[in-house]
Amino acid sequence: MILPFESLSDERRALGLAFAVVAGMAFGFVLERVGFGRAQKLAGQFYGSDLTVFKVMFSAIVTAMLGIVILSGVGVADLSALNAGYTTYLWPMIVGGVLLGVGFIVAGYCPGTSLVAAASGKLDGLVTVAGLIVGSLVYSELQPYLRGFHDAGRRGSFHLYDWLHVPHAVLTAAITVIALAAFVGAERIERIVNGGRTAAPGRTRSAVFLGFVALALAGLATLAIPVVGSAAR
Amino acid sequence: MQRNPDRFWNPYLGGVALGLVLLVTFLVMGRGLGASGASFRLGAWIENAVAPAHVAKVPALASTLEDGSPLNDWIVFEVLGMVIGAALGAYTSGRLGREILRGPSFGAAPRLALALAGGILMGAAARMSRGCTSGQGLSGGALLSVGSWAFMLSVFAGGYGFAYLVRRQWR
């Protein structure tokens with residue numbers, strides 16, 4: 001196991017934080033360039049006219065998901081170290097998700113994209129960021145009274161492949177297939193809602209889709225690698 | 001290069017770029033990207049400057065003082081970079097500029113009121129769900145965490161369920 005590095009250990013902390021700034025810059029730049037600094041474009045997701053949010057998010061998840069399954073499959077990355085920060089608390093995550101979704105369409109931004117909008121000079125984005133701060137402080141005050149709910153449905157580090165009892169690589173391949181079908185479906189919905197006006201998919205889309213299929217197959221191929229000692233998936 | 005504020009990256013290619021940034025962050029930092037954790041810590045920092053005695057009494061706020069300042073956390077540095085990167089993206093694409101984004105027939109004041117209300121709701125919701133669309137949905141989603149997928153499906157359910165009631169602000 002080589003990765004992840006212990007980037008925030010004491011002796012490397014300054015370097016780790018510098019990397020955090022660089023990673024954040026790339027994150028913010030990409031979000032701006034796909035159009036996530038514009039409230040109307042984000043809101044279009046919820047009226048069916050512009051499903052960019054879904055396409056970008058699901059492509060990003062598929063990309064990172066396949067990267068993780070391949071790198072952990074060949075023994076370069078330690079999956080359990082990556083999972084450490086993501087504990088499932090089912091009920092507050094479901095209720096929090098619904099409330100965040102309502103806040104998303106009311107504000108026109110999610111928390112990350114409101115920062116992108118604020119950085120682009122959009123006052124509505126800046127006001128959303130101010131709201132985020134207020135809301136998080138208010139919740140902190142209420143948290144002692146919500147303790148039972150806040151920790152409800154605790155499942156620890158619990159994954160879709162644990163729940164469905166299928167190998168990680170098999171599930172990532174299945175999700176990739178579902179994603180490709182969903183992308184085609186999303187484009188069809190946009191065409192219907194916008195009255196036939198088609199944004200030509202083009203060669204870039206085909207190249208990305210082919211890349212996903214190739215990576216999903218590479219992920220499946222790692223299943224043939226014999227498991228060595230503690231490198232068990 | 002010509003600046004055209006109406007031109008965006010191909011969503012699939014943009015998604016791949018975002019996914020690669022996320023993957024590299026996972027491999028280098030051992031954790032994924034996030035956003036709402038930083039606004040919470042900024043709030044805790046402000047409140048600690050104004051009313052430190054109260055912050056010490058609220059467990060969720062007091063826990064941000066473990067490393068000295070609430071701002072002494074990697075997510076704050078990541079979001080600092082995010083703001084710089086977004087400003088660079090907006091400047092180079094011609095989208096940098098002060099405006100209030102809304103539908104052509106919707107007023108600026110009600111738009112800002114809704115932006116504030118939505119922000120407050122999301123600020124509380126992101127604490128409840130241990131992260132927002134970035135930290136929980138995207139990062140936990142790529143790890144196939146059950147909680148993250150339940151969260152993301154709920155976000156879309158909440159958004160679609162409420163969209164009709166606020167449709168006027170985009171018209």
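Residues numbered from 1 in each chain as written. Chains lettered and ligands numbered in written order. Predicted model: local features only at pLDDT ≥ 70, side-chain atom pairs only at ≥ 80, totals over all residues. Heavy atoms only, no water.

With that settled, the discussion passes to the overall build of chain B. Along its length, chain B carries 8 helices and 0 strands. Tracing chain B from N to C terminus, the helices and strands come up as α-α-α-α-α-α-α-α. Taking the principal axes of the C-alpha coordinates as reference, chain B spans close to 50 × 40 × 35 Å. Sequence separation of 24 or more characterises 60% of the internal contacts of chain B that already satisfy a separation of 6 or more. Averaging the positions of the 14 positive and the 7 negative side-chain charges in chain B gives two centres separated by 12 Å. (Helix = DSSP H or I, 4+ residues; strand = E, 2+ residues; numbered from the N terminus. Contact = heavy atoms within 4.5 Å. Lys, Arg positive; Asp, Glu negative; His and termini not counted. Charge placed at Lys NZ, Arg CZ, Asp CG, Glu CD.)

What follows covers the overall build of chain A. When helices and strands are tallied, chain A shows 11 helices and 2 strands. Along chain A, from the amino end to the carboxyl end, the secondary structure elements read α-α-α-α-β-α-α-α-α-β-α-α-α. Here chain A holds 233 residues, and the buried ones make up 54% of them. Within chain A, contacts between residues at least 6 apart in sequence are counted, and of these 69% link residues at least 24 apart. When the accessible area of chain A is evaluated, it comes to approximately 9,800 Å², of which 68% is carbon and sulfur surface. Side chains of chain A carry 16 positive and 12 negative charges; the gap between the two charge centres is 11 Å. (Buried < 20%, exposed > 50% of the residue type's maximum accessible area, 1.4 Å probe, protein only. Areas by Shrake-Rupley, 256 points an atom, 1.4 Å probe, with all protein chains shown as cover.)

The next point concerns the packing of aromatic side chains. One pass over the full model with this rule turns up 13 aromatic pairs over all chains. Judged by centre distance (6.1 Å) and plane angle (70°), the ring pair of F54 of chain A and F183 of chain A falls under edge-to-face. Taken together, the positions of F54 of chain A in helix 3 (residues 52-73) and F183 of chain A in helix 10 (residues 168-193) put the pair 129 residues apart, joining distant regions of the chain. A relative accessible area of 22% means that F54 of chain A is categorised as partly exposed. Assessed through its relative accessible area of 0%, F183 of chain A is described here as buried. Each residue in the set F54, F58, F183 and F209 of chain A together with Y12 and W149 of chain B is aromatic and connected to the rest through ring pairs, giving one cluster. Across from the ring centre of F40 of chain B, 3.6 Å away, lies the NZ or CZ of R127 of chain B, which sits over that ring. It is R130 of chain B that lies over the ring of Y89 of chain A; its NZ or CZ is 3.7 Å from the centre. (Phe/Tyr/Trp six-rings, centres within 6.5 Å; stacked < 30°, edge-to-face > 60°. Lys NZ or Arg CZ within 6 Å of the ring centre and 35° of its normal.)

Attention now goes to the domain arrangement of chain B. Think of interface size as the accessible area that goes away when the parts come together; that is how it is often given. Residues and elements named next belong to chain B. Along its sequence, chain B is organised into domain 1 (1-98) and domain 2 (102-171). For the pair domain 1 and domain 2, the two sides together bury roughly 710 Å², of which 74% comes from carbon and sulfur. When the buried surface of domain 1 facing domain 2 is broken down by residue, L22, F26 and S36 rank first, second and third, together holding 48% of it. Linking domain 1 to domain 2 there are 0 salt bridges. (Domains from an automatic or database assignment. Buried area = accessible area lost by both parts, 1.4 Å probe. Salt bridge = Lys/Arg side-chain N within 4 Å of Asp/Glu carboxyl O.)

So, about the interface of chain A and chain B. Taken together, the contact between chain A and chain B spans 121 residues of the former and 118 residues of the latter. Across the interface of chain A and chain B, roughly 10,400 Å² is buried in total on both sides, 76% from carbon and sulfur atoms. Seen at the junction of chain A and chain B, the total is 4 salt bridges. Among the salt bridges present, the one from D124 of chain A reaches R111 of chain B, with a minimum N-O distance of 2.8 Å. Counting the contacts that link chain A with chain B gives 40 residue pairs in polar contact (both at pLDDT 80 or more). Residue classes in the side of chain A that touches chain B are distributed as 76 nonpolar, 33 polar and 12 charged. (Polar contact = N/O pair within 3.5 Å; in protein donor to acceptor, adjacent residues only side chain to side chain. Nonpolar A, V, L, I, M, F, W, Y, C, P; charged D, E, K, R; others polar.)

A few words on the packing of helix 7 (residues 123-142) of chain A against helix 6 (residues 108-128) of chain B. Two numbers describe how helix 7 of chain A lies on helix 6 of chain B: the axes approach to 6 Å, and their chain directions differ by 40°. As judged from the angle between their axes, helix 7 of chain A and helix 6 of chain B are oblique. Helix 7 of chain A and helix 6 of chain B meet at a crossing whose hand is right-handed. Contact residues: helix 7 of chain A offers L123, D124, V127, T128, G131, L132, V134, G135, S136 and Y139 of chain A, while helix 6 of chain B offers R111, L112, A115, L116, G119, I120, M122, G123, A124, R127 and M128 of chain B. Considering only residue class, the contact of helix 7 of chain A with helix 6 of chain B consists of 12 nonpolar, 6 polar and 3 charged. (Axes fitted to C-alpha atoms, helices over the stretch in contact; angles between N-to-C directions. Parallel < 35°, antiparallel > 145°, perpendicular 65-115°, else oblique. Left-handed = near helix turned anticlockwise from the far one by under 90°.)

Moving on to the domain arrangement of chain A. When its domains are assigned, chain A resolves into domain 1 (49-76 + 158-226) and domain 2 (87-156). The distance between the C-alpha centroids of domain 1 of chain A and domain 2 of chain A comes to 27 Å.

On the surface, V134, V138, L142 and Y145 of chain A together with L116 and I120 of chain B cluster together into a nonpolar patch covering about 540 Å² of accessible area. Those elements giving two or more residues to the nonpolar patch turn out to be helix 7 of chain A together with helix 6 of chain B. Counting residues per element, the nonpolar patch draws most heavily on helix 7 of chain A, at 3 residues. Tracing the sequence through the fold places Y145 of chain A in the loop between helix 7 and helix 8 (147-150). (Patch = residues over 30% accessible without salt bridge, like charges linked within 9 Å, V, L, I, M, F, W, Y side chains within 5 Å.)

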